[in-house]
Amino acid sequence: MPVEIDIEHVARLARLALTGEEKERLSRQLPDILSHAAKVGEVAAEDVPPTAYAVPRSNVFRADEPDECLPHDAAMAGAPEVEDHRFRVPRIVEME
Amino acid sequence: MASNDAHETVIGLECHVELSTATKMFCGCPNEFGAPPNTHVCEVCLGHPGSLPVPNRKAVEYAIRIGLALGCEIAPRSLFHRKNYFYPDMPKNYQISQYDLPLCVGGHLDVEVDGRTRRIGITRVHLEEDTGKTVHPGTTGRIAEAEYALEDYNRAGVPLVEIVSEPDVRSAEEARAYLTELRATLLALGVSDVRMEEGSLRCDANVSVRSRGAAELGTKVEIKNMNSIRSVERALLFEEERQRRALAEGTPLVQETRHWDEDAGRTLPLRSKEYAFDYRYFPEPDIPPLEPDPAWIEEIRASLPELPAERRARFAEAFDLPPAQVRVLAGSTEWADFFEEAVRLGADPRAAANWMTQDLAGLLNQHRVELSGSKVTPAHLADLVRLVGEGTISSAGGKAALEEAFAKGASVEQIVEERGLRQVSDVAALGAIVDEVLAENPGPAEQFRSGKEGVIGFLVGQVMRRSGGAANPKLAQDLLRERLLTGG
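Note that the coordinates shown come from a computational prediction; the quantities given were computed from them, not determined experimentally.

Draft legend 1. Representation of the environment of Arg57(A) in the model. With respect to the element layout, Arg57(A) can be found in the loop between α3 (40-43) and α4 (72-76). In contact with Arg57(A), other than residues within four places in its own chain, are Pro288(B) and Pro289(B).

Draft legend 2. Quick look at the sheet that holds strand β12 (residues 256-261) of chain B. Residue and element names in this part refer to chain B. The mixed open sheet is built from nine strands, whose spatial order is β2-β5-β6-β9-β1-β10-β11-β12-β13. Of all strands in the sheet, those with a lone pairing partner are β2 (73-74) and β13 (266-269), marking the two edges. Each of β1 (7-18), β5 (104-113), β6 (116-129), β9 (159-165) and β10 (201-211) is contacted by helix α2 (residues 172-189), which is oriented at about 115° to β5, the strand it contacts most.

Draft legend 3. View of the packing of helix α12 (residues 427-440) of chain B against helix α15 (residues 473-485) of chain B. Residues and elements named next belong to chain B. The N-to-C vectors of α12 and α15 enclose an angle of 55°; their axes lie 10 Å apart at closest approach. What the angle tells us is that α12 and α15 run oblique. When the axes of α12 and α15 are compared, the crossing they make is right-handed. Residues Val427, Leu430, Gly431, Val434, Asp435 and Leu438 of α12 form the contact with α15, whose own contacting residues are Leu475, Ala476, Leu479, Leu480, Arg483 and Leu484.

Draft legend 4. Local environment of the interface of chain A and chain B. On the chain B side, the residues contacting the 37 residues of chain A number 59 residues. Our count for the chain A to chain B interface comes out at zero salt bridges. Linking chain A with chain B are 21 residue pairs in polar contact (both at pLDDT 80 or more), by the criterion used here. The greatest single-element share of the side of chain A that touches chain B, amounting to five residues, is contributed by strand β2 (residues 86-90) of chain A. When the residues that make up the side of chain A that touches chain B are grouped by side-chain class, the tally is 18 nonpolar, six polar and 13 charged.

Draft legend 5. The arrangement of the nonpolar core in detail. Residue and element names in this part refer to chain B. Core analysis: the biggest nonpolar cluster contains 77 residues, and Ile66, Leu127, Ile163 and Tyr178 have the highest contact counts within it. Apart from residues no more than four positions distant in its own chain, Ile66 is found in contact with Leu19, Val125, Val161, Ile163, Leu186, Leu189 and Val191. The next biggest cluster of nonpolar side chains, apart from the first, holds 38 residues, and it includes Phe319, Trp335, Leu381 and Val385.

Draft legend 6. Representation of the confidence of the model for chain B within the structure. Mean pLDDT over chain B works out to 90, with 95% of the residues at or above the 70 mark. Here the predicted complex scores 0.80 on pTM and 0.86 on ipTM.

Draft legend 7. Region of the structure containing unusual backbone geometry. One non-glycine residue, Asn59(A), adopts positive backbone phi at about 55°. Position of Asn59(A) relative to the elements: it lies in the loop between α3 and α4. A positive phi is found at Asn93(B), a non-glycine position, where the angle reads about 70°. In this structure Asn93(B) comes out as partly exposed when scored by relative accessible area, which is 32%.

Draft legend 8. Representation of the domain arrangement of chain B within the structure. Split into domains, chain B comes out as domain 1 (7-299), domain 2 (306-418) and domain 3 (427-486). Centre-to-centre, using C-alpha coordinates, domain 2 of chain B lies 32 Å away from domain 3 of chain B.

Draft legend 9. Molecular detail of the pairing of β1(B). All names here are of chain B. Summarising burial for β1: eleven of the twelve residues are buried, a large majority. Where β1 and β10 come together, eleven bridges link them in antiparallel fashion. Bridging across to β10, Glu14 finds its partner in Asp204. Relative to β9, β1 runs antiparallel, the two being bridged by five bridges. Looking across to β9, one finds that Glu18 is bridged to Leu160.

Draft legend 10. Structural detail: the side chain of Arg118(B). All names here are of chain B. Along the chain, the position of Arg118 falls in strand β6. Within the structure, Arg118 has its side chain in polar contact with the backbone oxygen of Asp168 (distance 2.5 Å). A distance of 2.9 Å separates a polar atom in the side chain of Arg118 from a polar atom in the side chain of Glu174.

Draft legend 11. Representation of the environment of Ser78(B) within the structure. All names here are of chain B. You can see Ser78 is positioned in the loop between β2 and β3 (81-84). The class of Ser78 is buried, set by a relative accessible area of 0%. It is 9.4 Å that separates the C-alpha atoms of Ser78 and His126, two residues lying 48 residues apart in sequence. Not counting the four nearest positions on each side in its chain, Ser78 is found in contact with Gln98, Leu101, Pro102, Leu103, Pro289 and Leu290.

Draft legend 12. Quick look at the environment of Tyr94(B). Residues and elements named next belong to chain B. Along the chain, the position of Tyr94 falls in strand β4 (residues 94-97). In the structure, Tyr94 is positioned eleven residues away from Lys83 in sequence and 5.2 Å away in space, judged by C-alpha atoms. In contact with Tyr94, other than residues within four places in its own chain, are Arg82, Lys83, Asn84, Tyr85, Glu129 and Glu284. Polar side-chain contacts of Tyr94 include one of 3.3 Å to the side chain of Arg82.

Draft legend 13. Focus on the pattern of salt bridges. Residues and elements named next belong to chain B. In the structure shown here, the tally under the stated rule is 50 salt bridges over all chains. Residues Glu198 and Arg195 are paired through a salt bridge, measuring 3.6 Å at the closest nitrogen-oxygen approach. Residues Glu239 and Arg258 are paired through a salt bridge, measuring 3.5 Å at the closest nitrogen-oxygen approach. Taken together, the residues span a long stretch of sequence, with Glu239 in helix α3 (residues 229-249) and Arg258 in strand β12 at a distance of 19 residues. Each member of the pair, Glu239 together with Arg258, is buried. Via salt bridges that share partners, Glu306, Arg311, Arg314, Asp337 and Glu340 belong to a single interconnected network.

Draft legend 14. Fine view of the packing of aromatic side chains. All names here are of chain B. A full pass over the atoms with the stated rule returns eight aromatic pairs over all chains. Considering the side-chain rings of Tyr99 and Tyr281, the 3.9 Å spacing of their centres and the 10° angle between planes classify their relative orientation as stacked. Residue Tyr99 is found in the loop between β4 and β5, and its partner Tyr281 is found in the loop between β13 and β14 (282-283); the two are separated by 182 residues along the sequence. Judged by relative accessible area, Tyr99 falls into the partly exposed class, the value being 38%.

The rules behind these values
- All chains use their own residue numbering, which begins from 1 and follows the written sequence.
- Chain letters and ligand numbers both follow the written order, the letters beginning at A and the numbers at 1.
- Local features in this predicted model are restricted to residues of pLDDT 70 or higher, and side-chain atom pairs are both shown and tallied only at a pLDDT of 80 or more, whereas totals for entire chains, interfaces and linings draw on every residue.
- Side-chain metrics in this entry use all non-hydrogen atoms of the structure; hydrogen atoms and water are not considered.
- Helix numbers and strand numbers start at the N terminus; a helix is a DSSP run of H or I with at least 4 residues, a strand a run of E with at least 2.
- Contacts are assigned to residue pairs that have any heavy atoms within 4.5 Å of one another.
- Two strands form a pair only when DSSP identifies at least two bridges running between them.
- Helix axes use the C-alpha atoms of the stretch in contact, all axes being lines fitted to C-alpha atoms, and the angles between their N-to-C directions lie in the range 0 to 180 degrees.
- Angle categories: roughly parallel below 35 degrees, roughly antiparallel above 145, roughly perpendicular from 65 to 115, and oblique for all the rest.
- When the near helix sits turned anticlockwise from the far one by under a right angle, the crossing is termed left-handed; a clockwise turn instead gives a right-handed crossing.
- Salt bridges, as used here, are contacts in which a Lys or Arg side-chain nitrogen is within 4 Å of a carboxyl oxygen on Asp or Glu.
- A 3.5 Å cut-off defines polar contacts: any pair of N or O atoms within that distance qualifies, except that in protein one atom must be a possible hydrogen donor and the other a possible acceptor, and neighbouring residues in sequence count only when both atoms are side-chain atoms.
- When residues are sorted by character, Ala, Val, Leu, Ile, Met, Phe, Trp, Tyr, Cys and Pro go into the nonpolar class, Asp, Glu, Lys and Arg into the charged class, and all the rest, Gly among them, into the polar class.
- Side-chain atoms within 4.5 Å are what join buried Ala, Val, Leu, Ile, Met, Phe, Trp, Tyr and Cys residues into a set we call a nonpolar core.
- Each residue gets one of three labels from its accessible area relative to the maximum for its type: buried under 20%, exposed over 50%, partly exposed in between, using a 1.4 Å probe on protein chains only.
- Scored between 0 and 100, pLDDT is the confidence that the predictor attaches to each residue.
- Each domain span listed reflects an automatic or database assignment of domains.
- In summary, the pairing rule links any two rings of Phe, Tyr or Trp, Trp by its six-membered ring, whose centres are within 6.5 Å, and it sorts them by plane angle into stacked for under 30 degrees, edge-to-face for over 60 and tilted for everything else.

Now the structure itself:
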């Protein structure tokens, strides 16, 4: 199945800065991946409803009871930078 | 805005409600406002690889409660989806939400505007998780001028319900009525503390203006950042006027998101880069579908409390109260329960309603306290109504006793004794005071005798003052008249 991909759009959604060579290569590779996944459609029978879940389960809940949180220092250990007990991250608005 | 002109306003409201569960939506971190930054966080709500979100059963129950109260159908099967976006308020780079299969669909909320009932359709009610809280350091606090952002993830993952209305709202006033009724309903359901100033109830509005009777909607503008019911109303009035003027002038309107500036009292466009999202929703693979057991749904339906609209109808009918008082008393569960308890303790309903909506409401306003935060109890109110009704204390004495009960919480009986508020109904004791007052006020006494009967009020006031509010005003007036008319 031929798939049209706007590689610029996909790259922008993923916040990836691709070189011209990468764009050209990925434009060829991505349709192959999608075509491969689309093969599932060939074996899907009328009597099998579409689903996003392979395991036939539903209603997995937890009780509304508190668990331990991470100690503050451990929680902040993965932060790129910390300021005022908060995660410091780059400015949010993209300026171009 | 005139309603007989060529255009009509079409408004849809999207409300977000933080649920008052003990823990977050998908993990056991406490759901608590105001904790030090990043202390109510764990691997799940920080989005650490390999962590597994598991839905909070109570949050699902609360969302079903809301759906049932709004007359929605509870979907036999619904899914969580990932809503992908690059914004650091969610550490996962997506928010777990619901998309094409929400938990509740197709309800309504009846609201009263100008004495008429309007039915506002509810499109859907779905469950999601709240985001973290972002601080933009910098002098102005404006996003565009900050060099970096600071994130506190305590709120990330707090259970959030989104309630989307149909575009059935036709004016800012109807929007206010809808939000007021929705807030009262959520409060009665006990699912949220619905404090707009703390962000536990938030609202965005879609507004457009079209030719009256047209089937097509006009160009839609979304308004954000309104943090009180009053600011929603103001923002809608502003936006409605702006769009109508543009249409009248032939200026094209653009579909956009605008930000309400509370201080400036106007809406301003956000730059398109800030909201041009493609969320690429896909089913959350870590959470199996929700298929609520019909028996569970019926159990929740059976546990629904009396809703504000039902309560108003019952109050008007059972207690024969005027609509304005009914709106105040039945406007919140707290007030309604307080009133009903006082009536149960024997208070006359009309008298109790008057004391509550006038004197007690005045005291609460003056001291900026909520009813629940005051020392006054339904027992105070019932005693007050009884003692004034019996004539044991005057209504002025009642007001004094209420103020004292409000300040100290002591029983009304005790206050009446301690402060000597018991009405002086003893003819001899009161007669002595009346004589003094007449002796000191020969002018007014003469005016009365020459036909200015109204001056009796002044003289009764003097007797009340001299008796420290304890005189029986009816008896005081009788004694004054008797002496004045017999030339005594």
